[in-house]
Each structure stands twice: as C-alpha cells, then as structure tokens.
Amino acid sequence: MILDPNMASATDPCSFSSFSKCVTKHLNLTYHVDFDSHVIKAKVALTVEVLVDNFTSLTLDTKDLKVSKVTANGQAAKFTLGPKHSFMGTPLEITLPFDLSRGQHVIVEVTYETAPSASALQWLTPEQTAGKKHPYLFSQCQATHCRSMVPCQDTPAMKHTYYAQVSVPKELVAVMSAVRDGQEPDPQDSSRAIYRFRQPVPMPSYLIAIVVGALESREIGPRSRVWSEKEFVDKAAFEFSETETMLKTAEDLAGPYVWGQYDILVLPPSFPYGGMENPCLTFATPTLLAGDRSLSNVIAHEISHSWTGNLVTNKTWEHFWLNEGHTVYLERMIGRSMESEQFRQFKAMGGWKDLQESVNTFGANNPLTNLVPNMNEVDPDDAFSSVPYEKGFALLYHLEELMGGPEVFMGFVKSYIQMFAYSSVTTEEWKKYLFTYFKNKVDILNKVDWNAWMYTPGMPPVKPQYDTTMADACIALCKRWVKTKEGDLGNFSEVDMKTLSTHQLIEFLSLLLQEDPLPLSHVKRMQEVYRLNALNNAEIRFRWLRLCVKSKWEDAVPMALKMATEQGRMKFTRPLFKEVYNFDKYREEAVRVFIAHRAAMHPVTSNLVAKDLKVDTGKST
C-alpha cells in the first residue's frame with residue numbers, strides 16, 4: 001500500500017513539526033504539578049513511527065518550555081530550540097544518535113518544565129475558586145496551546161493514545177481527558193498523591209486536558225459523573241441529569257459512543273469557553289448553571305463532538321468547519337429528536353443571526369469569514385468566531401434540503417463518521433465522499449456554488465428558508481418595541497412575556513440587538529414591565545445588558561462590567577467590554593476595569609480583550 005500521497009507534502013501552517021517524516025503513536029506523560037512556582041515539572045516519552053528511510057532528526061512543537069534533556073531509546077540525543085515565533089512558539093529540533101528506516105519506532109523522551117505563563121494553563125489562587133481554600137489548575141489546549149504543556153507534534157493531523165501519571169498535593173484531585181486508572185500515595189513525597197490515566201482511543205494533541213483542584217463528583221448516569229468544587233456539585237448534578245438521554249439519542253443518530261466514560265467537569269468562572277469537548281471529560285462553564293434548560297444545547301454540542309471532532313477530526317485548523325459545522329448539525333438533530341423539528345428550525349434561525357453578527361464584526365470582505373480560511377501566519381485564537389459553526393451548519397442544511405431531507409442527509413453524516421473514524425480529514429476528502437455517497441445526485445451537487453460557499457468571504461450564497469413558527473412571536477414583539485412611540489409605552493405589560501420560552505426570550509433580545517439602539521425611555525420601560533435585571537440566566541442577562549448599554553442607560557454600565565469580569569466566558573466578556581468601550585463617556589472606565597481585572601483573567605481572554613480595547617497586549621510580536 002502506498003502511503004497517502006497527501007501526507008508526503010502535508011503541512012500544517014500552525015505547526016513546526018515534521019509530520020510527513022514521522023508520526024506520534026503514543027504519549028506517556030509524567031507530571032509533577034507545583035502550585036508554589038506555577039509550573040509542571042514533566043517528562044514525556046513519545047513513541048514515534050518513522051515514515052522515511054535515513055531518518056536522523058525530528059522537530060516537535062514547544063512554547064515557553066524549559067527543556068533540560070532529550071533521549072532516544074535511552075541514549076542521549078542532541079537538541080536545539082529554534083527562534084521564537086509570536087504565537088506558534090519554538091521548534092524543538094532533535095538529532096538522533098542513530099539513523100532509522102521507514103517503519104521503525106523510536107521512543108523519544110523529553111525532560112522539561114512548563115513556564116508560569118504557559119498559554120494552555122491557568123493557575124487560580126484560592127480566592128479565585130468557589131471554595132476559597134485551595135488553588136486550582138486547568139488547561140485549555142485548543143487550538144495550538146498543547147505545545148506549552150507537552151512538547152509534541154501539535155497538529156490535529158496527528159492522532160495518538162496517551163497514558164499519564166500526575167503527582168499533586170494529596171488534598172487535591174486530578175482529572176484528565178482519559179479514563180481514570182487508579183491513584184496511590186506518591187512514594188517520593190508523603191504530602192502528595194499520584195493519579196493515573198489512560199486514553200486508549202487515538203486522539204489529537206489539542207484534546208489533552210488536565211484539571212487539579214478540590215474536586216468532588218456525583219454519578220449522573222451509567223457512564224457519567226459530574227465533577228466540580230463541592231459548592232457547585234449538587235446543582236450541576238441536577239442541571240446535567242439528562243446527559244444519558246442525550247448520549248443515547250446521539251448514538252441512535254451517529255453510531256456507538258467509543259470513549260467509554262462521558263463525564264462533565266464544571267470549571268471556575270474564568271474558563272474562556274462555553275464548553276470544551278475533551279474526551280471522557282467535557283469541560284463546561286459555570287454560566288450554564290442558571291437553573292433552567294437553556295444550557296442543554298451546550299452539552300448536546302459537546303456530546304456531538306464525541307463523533308465529529310474527536311473521532312473524525314479536521315486535519316488542520318483551516319478545516320475547522322468540518323469539526324464545528326457537523327457538530328452543530330448533530331447537536332440540532334439531537335434537539336430535533338428530544339424536542340421537535342420546529343425547535344431545530346428555531347435554533348437554526350438563531351444561528352444564522354450569530355453568523356450575521358460575526359460577519360459584521362470581521363467585515364464582509366475579511367478572508368477569516370471564509371468557510372475554509374487561509375491560516376498562514378494567522379493565530380487560530382484570532383480567527384475564532386461563529387463562522388465555522390454557523391456557515392458550516394448552513395452549508396450542511398442547504399445540502400440536506402437538496403439531497404432529500406434530514407433522514408437522508410443524516411444517513412450521509414453517519415456514513416462519513418464511519419468512513420473517517422479515528423482519522424483526520426480535509427474539506428476535499430469530505431467533498432469527495434459526499435459525491436461518492438450521493439452518486440445518483442451528482443448533477444444536483446454540481447450546481448452548488450462550492451467556491452462561493454467555501455472560499456469566498458461574507459454571508460453564504462444561499463439563505464435557507466427556515467420554519468419561523470417559534471420565531472414569529474419573538475419577531476412580532478421586537479417589531480412592537482421598535483415601532484412604539486414614547487407616548488404609547490403603556491401598551492406593554494408583563495403578559496407579553498408569559499408565553500415566551502427561555503429560548504424565545506433570548507431570541508427576542510438578539511433581534512433587538514440587530515436593530516438601531518432603542519431610545520432610553522424604551523429600555524427603562526422594558527425593565528419596569530419585564531423585570532429583566534432580576535433574571536440570572538447568563539444568555540438573557542448578557543443580551544439585556546448589551547441592549548441597555550447600547551441605549552446609553554448609565555445604570556447598566558456597572559452591571560455590564562461586573563458581568564464581564566465576574567465570569568470569563570469570551571462569548572460574554574468580549575462583547576460586554578466592547579459595548580461599554582463604545583459608550584464614549586465610559587470608554588476610559590472600560591479600560592480601567594479591564595486593567596484592574598486583567599491578572600485574574602485567563603491568558604487567551606485577556607489577550608483578546610486587550611486587542612478589542614486597543615490596550616497594549618504585552619505580547620512580543
């Protein structure tokens with residue numbers, strides 16, 4: 001069998017590693033987590049398979065790592081660290097003390113230490129946790145931050161299994177994106193414990209994840225536990241009680257769940273994302289614990305990643321839409337099974353609006369709004385937006401309509417997952433398989449404007465006609481508020497809200513945010529009749545406070561800044577800061593509050609908010 005011809009020339013613009021010459025098959029990690037100096041003292045053994053003859057050297061990705069020693073099959077190996085790149089880190093060039101031929105394996109062991117500023121890690125002081133007693137550590141590797149905690153081939157083209165042993169202070173608990181494999185006292189230090197983990201399913205480096213803290217867990221299903229600090233654990237167990245139903249629904253749609261355990265970990269408030277699909281252990285923001293069901297789509301999304309993203313993975317970050325577009329499609333199919341087709345349509349309409357907002361933010365001619373962007377010299381964190389999610393979904397939904405409806409198209413998605421399971425794919429490979437699967441409908445597929453969908457910035461060439469049943473009430477109420485004159489504000493009452501679900505209330509506020517700012521009198525009246533300040537649901541509160549600040553209601557400014565800083569989910573924090581920054585009178589206040597809170601923020605969040613507010617990022621470029 002000839003090696004995949006794509007592999008020979010394969011490159012990932014976001015990685016230094018030489019993956020046309022060798023591939024990592026397994027990682028064995030030994031971690032000693034040091035909370036005093038905010039570093040992990042570590043050793044990693046990479047089992048590397050050689051793809052070419054006369055193989056004598058390899059390159060690994062690193063970022064801010066202090067490397068002290070490298071061996072190959074136990075023999076000392078020479079190594080040098082190349083020049084530092086602004087976001088890609090530093091290539092680690094290793095010269096082997098022997099040469100190898102194609103098909104051979106070598107175990108490369110690197111002894112190193114992470115930096116206190118490692119971009120994958122956030123070290124929280126006890127004051128930043130719910131319990132206030134113990135420190136806490138969590139990682140977030142996607143997209144290219146794993147290299148700041150493990151020297152590796154940090155590209156999603158590469159999949160490997162891993163094993164880890166982690167030494168932590170014995171009053172703390174460690175969990176990872178893997179199956180738990182026991183614990184024991186640390187033989188080197190009686191004040192510490194060692195936790196062990198194994199991940200037998202090959203996965204990309206960006207899914208390696210670790211958390212250390214005063215964690216407790218509760219069983220929420222036959223293959224699921226929820227983990228968090230004890231202050232949140234019972235609330236979280238209640239909130240995520242539908243997990244097994246969702247897993248079963250996803251299995252009916254996409255095939256068996258291969259990862260064994262499906263646990264959920266609720267992080268401290270500074271976690272920058274809504275969720276992160278780390279295998280065996282989904283990470284979730286505490287902003288989901290709002291006491292109602294609006295969170296279900298975040299967990300449905302992360303569960304869906306167990307197939308699209310984790311099992312079938314984008315080969316490089318240019319093809320990120322393959323992860324996210326399919327995951328949103330699957331998430332909404334779960335919603336369709338558990339709620340209704342109208343609910344799926346309603347969610348799809350909301351997604352189209354999010355896409356519109358991203359395109360407006362980036363600019364309709366910005367190449368980062370391409371479904372498949374060029375990532376050369378682009379930091380994936382800067383490119384992150386709803387485009388791969390919602391433009392990706394819109395393409396899949398458009399194809400669903402052309403190919404014969406949800407059942408027919410879900411058949412393709414399931415088949416695509418089986419075909420490419422345990423591997424990494426490009427857009428071309430996906431498209432080729434689409435044409436193979438629907439070989440009787442190639443004439444229809446050929447009429448699709450693929451170039452406009454994939455390689456052209458801005459909104460998609462086709463806007464799907466979604467069923468507006470659930471959205472109509474939101475649209476009607478939005479229109480009333482926009483059209484009503486100040487003298488007629490008495491016509492609104494709390495009855496307007498009685499029939500709206502949480503999802504519809506969120507949609508109503510989203511629609512208003514797309515309009516010109518409402519007069520101040522209108523938002524004040526809205527608070528009088530709907531009492532929105534009293535609602536704790538983060539999705540509602542975030543939109544309501546933006547609406548108030550847009551209308552220049554000064555009372556809302558401290559509330560908006562409070563929400564922007566008491567949690568760190570970027571979806572909320574960045575727009576809230578930007579909204580206050582755009583209110584001229586409070587621009588300096590936005591910058592002042594950011595600078596005051598910056599040290600407590602996650603490194604990715606503070607870097608992006610600094611760019612938003614035009615504050616010196618402090619990063620060397």
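Just so you know, these numbers come straight off a predicted model, no measurement behind them.

**Concerning the overall build of the chain**
For the chain, the count of helices and strands is 21 helices and 22 strands. Here the C-alpha radius of gyration of the chain, 25 Å, is about what a compact globule of 621 residues would show, namely 25 Å. Each of the three principal axes of the chain carries a C-alpha extent, and together these read 85 × 65 × 50 Å. Across the chain, the fraction of contacts at a sequence separation of at least 24, relative to all contacts at a separation of at least 6, is 71%. Taken as a whole, the chain presents about 24500 Å² of accessible surface, with 51% of it coming from carbon and sulfur. Put simply, the chain has 65 plus and 72 minus side-chain charges, and the middle of one group is 1 Å from the middle of the other.

**Some thoughts on the sheet that holds strand S1 (residues 22–34)**
Spatially, the 8 strands line up as an open sheet ordered S5-S4-S8-S2-S1-S11-S14-S13, and their pairing is mixed. This sheet does not close on itself; its edge strands, each paired only once, are strand S5 (75–76) and strand S13 (179–185). Sheet topology places S1 next to strand S11 (residues 160–169); 7 bridges connect them, and they run parallel. Bridging from a neighbouring strand, His32 pairs with Ser167 of S11.

**Quick notes on the packing of helix H5 (residues 320–338) against helix H6 (residues 341–362)**
Close contact between H5 and H6 brings their axes to 7 Å; oriented N to C, the two are set at 145°. Taking contact as the criterion, the partners of Tyr329, Arg332, Met333, Gly335 and Arg336 in H5 are, on H6, Glu341, Phe343, Arg344, Lys347, Ala348 and Gly351. Looking at the contact of H5 with H6 residue by residue, the classes come out as 4 nonpolar, 2 polar and 5 charged.

**Describing the pairing of strand S18 (residues 263–266)**
Along any regular strand, the residues point their side chains to alternate faces of the sheet. The two faces of S18 match: Asp263 and Leu265 on one face and Ile264 and Val266 on the other face are all buried. Summarising the sheet, strand S17 (residues 224–229) and S18 pair through 2 bridges and their orientation is parallel. Within S18, the residue paired with Trp227 across the bridge is Leu265. In the sheet, S18 pairs with strand S20 (residues 281–284) via 4 bridges, with the strands oriented parallel. Pairing of Ile264 across the sheet is with Thr282, part of S20.

**Remarks on the sheet that holds S20**
Read from one edge to the other, the open sheet built from 5 strands follows the order S16-S17-S18-S20-S19, with strand pairing classed as mixed. Two strands in the sheet have a free side with no partner beyond their single neighbour: strand S16 (215–221) and strand S19 (275–276).

**With respect to the pattern of salt bridges**
Pairing between side chains becomes possible if they bear opposite charge and their charged atoms approach one another. Tallying each qualifying case throughout the model produces 35 salt bridges. Across the pair Arg574 and Asp612 runs a salt bridge whose closest N-O atoms are separated by 2.8 Å. Of this pair, Arg574 sits in helix H19 (residues 570–581) while Asp612 sits in helix H21 (residues 603–612), and the two are 38 residues apart along the sequence. For Asp612, a relative accessible area of 14% corresponds to the buried category. Bridged by salt links that share partners, the residues Arg336, Glu341, Arg344, Glu400 and Glu407 form one connected network.

**Some details on the packing of aromatic side chains**
If you walk through the whole model with that rule in mind, you get 36 aromatic pairs. With 6.0 Å between their ring centres and 50° between their planes, Phe435 and Trp450 make a pair best called tilted. With a gap of 15 residues between them, Phe435 in helix H10 (residues 427–437) and Trp450 in helix H12 (residues 450–455) connect regions that are remote in the sequence. Of the two residues examined, Phe435 and Trp450, each falls in the buried class. Taking the centre distance of 4.9 Å and the plane angle of 85° together, the rings of Tyr437 and Phe438 count as edge-to-face.

**A short note on the nonpolar core**
Core analysis: the largest hydrophobic core is formed by 205 residues, its most contacted members being Trp430 and Phe508. Core analysis: the next-biggest nonpolar cluster, separate from the first, contains 5 residues, Phe19, Val23, Ala157 and Met158 among them.

**Quick look at the confidence of the model for the chain**
On average, residues of the chain carry a pLDDT of 94, and 97% of them reach 70 or more. A low-confidence stretch, residues 1–9 (pLDDT under 50), is modelled with 9 contacts involving residues beyond four sequence positions or located in other chains.

**Focus on helix H4 (residues 296–304)**
Among the 9 residues of H4, 8 are classified as buried, and the element is accordingly described as predominantly covered. Considered for burial, the residues of H4 that qualify are Ser296, Val298, Ile299, Ala300, His301, Glu302, Ile303 and Ser304.

**As for helix H3 (residues 243–254)**
For H3, spanning 12 residues, the distance from its first C-alpha to its last is 16 Å, which sits close to the expected 16 Å at 1.5 Å a residue. Burial in H3 covers these residues: Thr243, Glu244, Met246, Leu247, Thr249, Ala250, Leu253 and Ala254. Looking at the residues trailing H3, positive phi occurs at Gly255, about 105°.

**As for the environment of Lys614**
Inspection of the secondary structure puts Lys614 in the segment after H21. Remark: the alpha-carbon pair of Lys614 and Ala471, spanning 143 residues in sequence, is separated by 37 Å.

**A word on the pairing of strand S4 (residues 66–72)**
The pairing of S4 with strand S8 (residues 105–113) spans 6 bridges and is antiparallel. Within the sheet, the bridge partner assigned to Lys66 lies in S8 and is Glu113. The antiparallel hairpin formed by S4 and S5 contains 2 residues in its connecting segment, where Asn73 sits at a positive phi of about 50°.

**Let's talk about the environment of Gly103**
Topologically, Gly103 is positioned in the loop between strand S7 (90–100) and S8. Linking Gly103 and Tyr530, residues 427 residues apart in sequence, is a C-alpha distance of 68 Å.

**Some remarks on the side chain of Ser306**
Within the secondary structure layout, Ser306 lies in the loop between H4 and strand S21 (312–314). The buried category is assigned to Ser306, whose relative accessible area is 5%.

**Examining the packing of helix H15 (residues 502–514) against helix H17 (residues 538–550)**
Running from N to C, H15 and H17 cross one another at 25°; their axes reach a closest spacing of 9 Å. One element, H15, and the other, H17, form an angle in the roughly parallel class. In the packing of H15 onto H17, the handedness of the crossing is left-handed. Together, Thr502, Leu505, Ile506, Leu509, Ser510, Leu512 and Leu513 of H15 and Glu539, Ile540, Arg543, Trp544, Arg546, Leu547 and Lys550 of H17 make up the contact between the two elements. Split by residue class, the contact of H15 with H17 holds 8 nonpolar, 2 polar and 4 charged.

Conventions and cut-offs
- Residues numbered from 1 in each chain as written.
- Predicted model: local features only at pLDDT ≥ 70, side-chain atom pairs only at ≥ 80, totals over all residues.
- Heavy atoms only, no water.
- Helix = DSSP H or I, 4+ residues; strand = E, 2+ residues; numbered from the N terminus.
- Rg over C-alpha atoms; globule rule 2.2 N^0.38 Å.
- Contact = heavy atoms within 4.5 Å.
- Areas by Shrake-Rupley, 256 points an atom, 1.4 Å probe, with all protein chains shown as cover.
- Lys, Arg positive; Asp, Glu negative; His and termini not counted.
- Charge placed at Lys NZ, Arg CZ, Asp CG, Glu CD.
- Pairing = 2+ DSSP bridges.
- Axes fitted to C-alpha atoms, helices over the stretch in contact; angles between N-to-C directions.
- Nonpolar A, V, L, I, M, F, W, Y, C, P; charged D, E, K, R; others polar.
- Buried < 20%, exposed > 50% of the residue type's maximum accessible area, 1.4 Å probe, protein only.
- Salt bridge = Lys/Arg side-chain N within 4 Å of Asp/Glu carboxyl O.
- Phe/Tyr/Trp six-rings, centres within 6.5 Å; stacked < 30°, edge-to-face > 60°.
- Core = buried A, V, L, I, M, F, W, Y, C linked by side-chain atoms within 4.5 Å.
- pLDDT = per-residue confidence, 0-100.
- Expected span 1.5 Å × (residues − 1).
- Parallel < 35°, antiparallel > 145°, perpendicular 65-115°, else oblique.
- Left-handed = near helix turned anticlockwise from the far one by under 90°.

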